[in-house]
Amino acid sequence: MMSCLLGKSEGKVRVGFYNNSCPNAETIVRSVVHQSAISDQNNLPSLLRLHFHDCFVHGCDASILIDRGSEVDEKRAFGHQGVRGFDVVETAKAQLEAACPGIVSCSDILAMAARDAVFLSQGPWYDVETGRRDGLVSNVTLAAHMPDVADSIHKLKAKFLAKGLTAQDLVILSGAHTIGTTACFFVNQRLYEFPANGGSDPSISPGFLGELKSTCPRNGDVNVRLAMDRGSEKVFDKQILGNIRSGTAVLQSDAALYQDEATKRAVDSYFGLPGPSFEADFTASMIKLGRIGVWTGSKGQIRRVCSSFN
C-alpha cells in the first residue's frame, strides 16, 4: 500500500514550497479560480473533482491534463466523463509562467485550485502541501479502475484501499458531492434498470424517486443536469451525508455508503453529539489524497503548458 503512496517520490511535499521561488503562486491561482467562479460557479466543483480524478489514476501528477488530441490520452477515459476545469488550470499556468517561469507544477496548481474551490464554496480553508512535479505518462488504460457511480460498496472500498485510502476517506471524499451537479446519464440506470431488480433502486425514498424521474424521464435527454446535493448544491456542507441517510442521495455510489457497516457508521458519526467535524476530516482526507504517488525532487518535470509534455 505504501508503495502506491510513495513509490514515485524521492522527497516529500510540504506547505510553503514556493515561499521563496514563487511567493505569489497561491495568490495567483486563487485569483484565477475566483474569477472563473464569477463567470461560472460550476467551475468550483469541477476543479475539486479534477484534482481527485488526477490523483486517483496515476498519482497526483497532472496526467489528466495532457491533451495530444489522441484517444489514448488519459482525459479520454470513460471514468473521466464530465470532468471539466482544464481551461481554468491553463489560465493559472499561463499567469504563473509569466510571473515565475518554470517553477510551479501543473499538479500543484490542481491541488491549490481544489482547495480554493472548497473555500469559495463556503467550505474550510486548509494549507496545501506543494512541491509536486509533473508526470511523464498519460494513458487512458491507466484510468481503468476509477470509481464508478454503479460500483458496489465493496468495490468502492477496494478501489480506495488500493490507493491507501480508508473507508472513512471514501465517505469524506464522497462528501465532495456536496457541491455541483451531475447528468441524468449517471442516474438513469438507478431509476430504470437497477441491476438487482430491473426497475428502480429500492433505497431511493419514494417521494424523491418521483422527483428524480420527473427530472430524468425514461428516454429523455441524458445531458440534463441535477444537483448532487439536493437543496444545497452551491454550499460546501455535510447535508450530502444527511441526504444519504434519508434516501435522497442522487448518485448510486453515494447511496451505497449507507449499505455497509463501516461506511454507514462513518456517515452517522457526523450527526451525533458530540461528533467529529466534517470540515476538519475533509481537510485531512484531501491532504492525504494529495500525497498519492507524487513526483518530487528531480523526478518528472515542470511543464511549460499543462496540456503538453515539455
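Quick note: structure is the one above.
Residues numbered from 1 in each chain as written. Predicted model: local features only at pLDDT ≥ 70, side-chain atom pairs only at ≥ 80, totals over all residues. Heavy atoms only, no water.

**Q** Is there a simple way to think about the side chain of Asn243 in this case?
**A** Mapped onto the fold, Asn243 is located in helix 10 (residues 239–246). Residues in contact with Asn243, not counting those within four places in the same chain, are Asp229, Arg230, Thr248 and Ala249. (Helix = DSSP H or I, 4+ residues; strand = E, 2+ residues; numbered from the N terminus. Contact = heavy atoms within 4.5 Å.)

**Q** I'm lost on the packing of helix 3 (residues 43–58) against helix 13 (residues 278–289) in this one. Help?
**A** When two helices pack together, their arrangement is given by the angle between the helix axes and by the axis-to-axis distance. At a minimum axis separation of 10 Å, helix 3 and helix 13 run at an interaxial angle of 45 degrees. Of the possible angle classes, the one that applies to helix 3 and helix 13 is oblique. Residues Leu48, His51, Phe52 and Cys55 of helix 3 lie in contact with helix 13, whose contacting residues are Phe282, Met286 and Leu289. Residue composition of the contact of helix 3 with helix 13, by class: 6 nonpolar, 1 polar and no charged. (Axes fitted to C-alpha atoms, helices over the stretch in contact; angles between N-to-C directions. Parallel < 35°, antiparallel > 145°, perpendicular 65-115°, else oblique. Nonpolar A, V, L, I, M, F, W, Y, C, P; charged D, E, K, R; others polar.)

**Q** So what exactly am I meant to see when it comes to empty space enclosed by the protein here?
**A** A water-sized probe rolled over the atoms picks out the places where empty space is left. Overall, the coordinates contain 1 cavity of 30 Å³ or more when judged by the stated rule. In this model, the largest cavity occupies a volume close to 90 Å³. His51, Ala111, Tyr126, Asp127, Val128, Glu129, Arg132, Met286, Ile287, Gly290 and Arg291 together form the lining of the largest cavity. Here the lining of the largest cavity is composed, by residue class, of 5 nonpolar, 2 polar and 4 charged. (1 Å grid on protein atoms, 1.4 Å probe; cavity = no way out; pocket = protein on both sides within 12 Å on 5 of 7 lines; lining within 4 Å. Points joined across faces, edges and corners; volume = space filled by probe spheres on them.)

**Q** What am I meant to see in the nonpolar core here?
**A** Most often, soluble globular proteins keep nonpolar side chains buried together rather than apart. Counting residues in hydrophobic clusters, the biggest one holds 71 residues, and the most contacted among them are Leu65 and Phe282. Per element, the largest residue contribution to this core is 9 residues, and it comes from helix 5 (residues 106–120). The residues contacting Phe282, other than those within four sequence positions of it, are Leu48, Val118, Ile172, Leu173, Ala176 and Phe236. Core analysis: the next-biggest nonpolar cluster, separate from the first, contains 13 residues, Cys184, Tyr192, Leu212 and Val250 among them. (Core = buried A, V, L, I, M, F, W, Y, C linked by side-chain atoms within 4.5 Å. Buried < 20%, exposed > 50% of the residue type's maximum accessible area, 1.4 Å probe, protein only.)

**Q** Sorry if this is basic, but what is going on with unusual backbone geometry here?
**A** Among all residues save glycine, negative phi is the norm, and among peptide bonds the norm is trans. The peptide bond linking Leu273 to Pro274 adopts the cis configuration, its omega dihedral lying at -10 degrees. Summarising the element assignment, Pro274 is placed in the loop between helix 12 (261–269) and helix 13. Although it is not a glycine, Ala62 sits at a positive phi angle of roughly 65 degrees. In this structure, Ala62 sits in the loop between helix 3 and helix 4 (86–99). Although it is not a glycine, Asn219 sits at a positive phi angle of roughly 65 degrees. Examined against the element boundaries, Asn219 turns out to sit in the loop between helix 9 (206–215) and strand 4 (225–227).

**Q** How do you make sense of the state of the cysteines when you look at a structure like this?
**A** By definition, a disulfide is the covalent link that joins the sulfur atoms of two cysteine residues. Taken as a whole and judged by the stated rule, the model has 4 disulfides. Between the sulfur atoms of Cys55 and its disulfide mate Cys60 the distance is 2.0 Å. Between Cys55 and Cys60, the disulfide has an S-S torsion of 120 degrees and is therefore right-handed. A residue is classified by how much of its surface remains accessible, and Cys55, at 0% relative accessible area, is buried. By relative accessible area, Cys60 is classed as buried at 0%. (Disulfide = S-S within 2.5 Å.)

**Q** Explain the packing of aromatic side chains to me, please; I cannot follow it from the model alone.
**A** All chains considered together, the criterion is met by 10 aromatic pairs. Plain terms: the ring middles of Phe17 and Tyr18 are 5.1 Å apart, the flat faces sit at 90 degrees to each other, and that makes the pair edge-to-face. For Phe17, a relative accessible area of 34% puts it in the partly exposed group. For Tyr18, a relative accessible area of 5% translates into the label buried. Ring geometry for Phe52 and Phe56: centres 5.2 Å apart, planes at 35 degrees, overall tilted. A residue pair is termed a helical-turn pair when its members lie 3 or 4 positions apart in one helix, as Phe52 and Phe56 do in helix 3 at 4 residues. Given a relative accessible area of 16%, Phe52 falls into the buried group. Within the aromatic cluster, the residues linked to one another by ring pairs are Phe236, Tyr270, Phe278 and Phe282. Its end group placed over the ring of Phe86, Lys75 keeps NZ or CZ at 3.9 Å from the ring centre. Over the face of the ring belonging to Phe271 we find Lys238, whose NZ or CZ atom lies 4.8 Å from the ring centre. (Phe/Tyr/Trp six-rings, centres within 6.5 Å; stacked < 30°, edge-to-face > 60°. Lys NZ or Arg CZ within 6 Å of the ring centre and 35° of its normal.)

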